[in-house]
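Overview (structure and organization)
Chain by chain, the residues:
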Amino acid sequence: MPLRGALEDARLTIAFLPLVARTRWRLWRVPVASSSAAWRELATRELDAARARNAPPLVAFEVWRRAHAVKRAARLVPGATCLTQALSLQSILSSCGENTSLILGVDKNSKPGAKINFEAHAWIEWNGRVIIGGPIDRWKPLLTIAPPMLTTPSGESESKAPVGDPSKLVNASSPSQ
């Protein structure tokens, strides 16, 4: 049984390697700040396609397995940062019908306007839990890229993933944050 699990993990890693490499290449060509709406549209299209074909929901173990496969694939791609991994995983999970939120944040200890000591980080949340890019204690969220939440006929939200407007960045020095 453990061998079968290891083979499945290796298969997923190999399957996700081209996606991670393609995501890294896209990020190299176009910065995420100028294309966040495009990333959101892509995730929305993949999510809609999965729902149209009635993709069964993934159990938590399968979501975590995919997250770890993306991490392993990213080790083989030069420059595959947390953002590359997060965008790749969001694409994978959206194509499986899972609604996720990609969150971009900055170090809480960064000084507003400082040109040094600035660090940014990206992570994915699924059903309110960080599945790639954690722990996030030191990061202050600035931008959320997520497909729009769908509502059921009864008017209830189908997903717990938060939705943010990717066209507007939150001011890091805002006292309300």
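All values reported here derive from a predicted model rather than from experimental measurement.

So, about the overall build of the protein chain. Within the protein chain, the secondary structure is distributed over 4 helices and 4 strands. The buried share of the protein chain, taken over its 177 residues, is 42%. The long-range share in the protein chain, meaning contacts at least 24 apart out of those at least 6 apart in sequence, stands at 67%. Summing over all exposed atoms, the protein chain offers an accessible surface of approximately 10,200 Å²; the carbon and sulfur share of this is 59%.

Okay, the pattern of salt bridges next. Within this structure, the stated rule accounts for 6 salt bridges. Close ionic contact of Asp9 with Arg65 constitutes a salt bridge, the shortest N to O distance being 2.7 Å. Pair noted here: Asp9 is in helix H1 (residues 2-29) and Arg65 is in helix H3 (residues 60-74), with a separation of 56 residues, a long-range link. With a relative accessible area of 23%, Asp9 lands in the partly exposed category. With its nearest N and O atoms 3.0 Å apart, the salt bridge here joins Arg138 to Asp107. Taken together, the positions of Arg138 in the loop between strand E3 (129-132) and strand E4 (139-145) and Asp107 in strand E1 (residues 100-107) put the pair 31 residues apart, joining distant regions of the chain.

Turning our attention to the environment of Cys82. By the element assignment, Cys82 lies in helix H4 (residues 82-95). Considering only alpha carbons, one finds Cys82 and Ile124, 42 residues apart in sequence, at a separation of 9.7 Å. With sequence-adjacent residues up to four places away left out, Cys82 is seen in contact with His121 and Ala122.

This paragraph deals with the environment of Leu47. By secondary structure assignment, the location of Leu47 is in helix H2 (residues 32-52). In this structure the C-alpha to C-alpha distance between Leu47 and Cys96, which are 49 residues apart in sequence, comes to 7.2 Å. Setting aside anything within four residues of it in sequence, one finds Leu47 in contact with Ser94, Gly97, Glu98, Asn99 and Pro147.

Right, let's talk about the nonpolar core for a bit. One finds Val20, Val70, Leu83, Leu89, Leu102, Ile124 and Ile131 to be the most contacted residues of the largest nonpolar core, which totals 32 residues. Among the secondary structure elements, those contributing two or more residues to this core are H1, H2, H3, H4, E1, strand E2 (120-126), E3 and E4. The contact partners of Val20, leaving out residues within four places of it in the chain, are Val70, Ala73, Ala74, Val77, Ala80, Thr84 and Ser88.

If you trace the 4 strands from one edge of the open sheet to the other, you get E3-E2-E1-E4, paired in antiparallel fashion. Of all the strands in the sheet, the pair left with one neighbour each is E3 and E4. The mean inter-strand angle of the sheet, taken between neighbouring strand axes irrespective of direction, is 45 degrees. Note: E1 against E2, 7 bridges, orientation antiparallel. The partner of Leu102 across the bridge, within E2, is Ile124. Packing of H3 onto the sheet brings it into contact with E2 and E3, and relative to E3 it is tilted by some 40 degrees.

This part is about the packing of H1 against H4. H4 packs onto H1 with a crossing angle of 125 degrees between their chain directions and a minimal axis gap of 9 Å. Our classification of the angle between H1 and H4 gives oblique. The handedness of the crossing between H1 and H4 is right-handed. Across from Phe16, Leu19, Val20, Thr23, Arg24 and Leu27 in H1, the residues of H4 making contact are Leu83, Thr84, Leu87, Ser88, Ser91 and Ile92. For the contact of H1 with H4, the residue count by class is 7 nonpolar, 4 polar and 1 charged.

Rules and cut-offs
Residues numbered from 1 in each chain as written. Predicted model: local features only at pLDDT ≥ 70, side-chain atom pairs only at ≥ 80, totals over all residues. Heavy atoms only, no water. Helix = DSSP H or I, 4+ residues; strand = E, 2+ residues; numbered from the N terminus. Buried < 20%, exposed > 50% of the residue type's maximum accessible area, 1.4 Å probe, protein only. Contact = heavy atoms within 4.5 Å. Areas by Shrake-Rupley, 256 points an atom, 1.4 Å probe, with all protein chains shown as cover. Salt bridge = Lys/Arg side-chain N within 4 Å of Asp/Glu carboxyl O. Core = buried A, V, L, I, M, F, W, Y, C linked by side-chain atoms within 4.5 Å. Pairing = 2+ DSSP bridges. Axes fitted to C-alpha atoms, helices over the stretch in contact; angles between N-to-C directions. Parallel < 35°, antiparallel > 145°, perpendicular 65-115°, else oblique. Left-handed = near helix turned anticlockwise from the far one by under 90°. Nonpolar A, V, L, I, M, F, W, Y, C, P; charged D, E, K, R; others polar.

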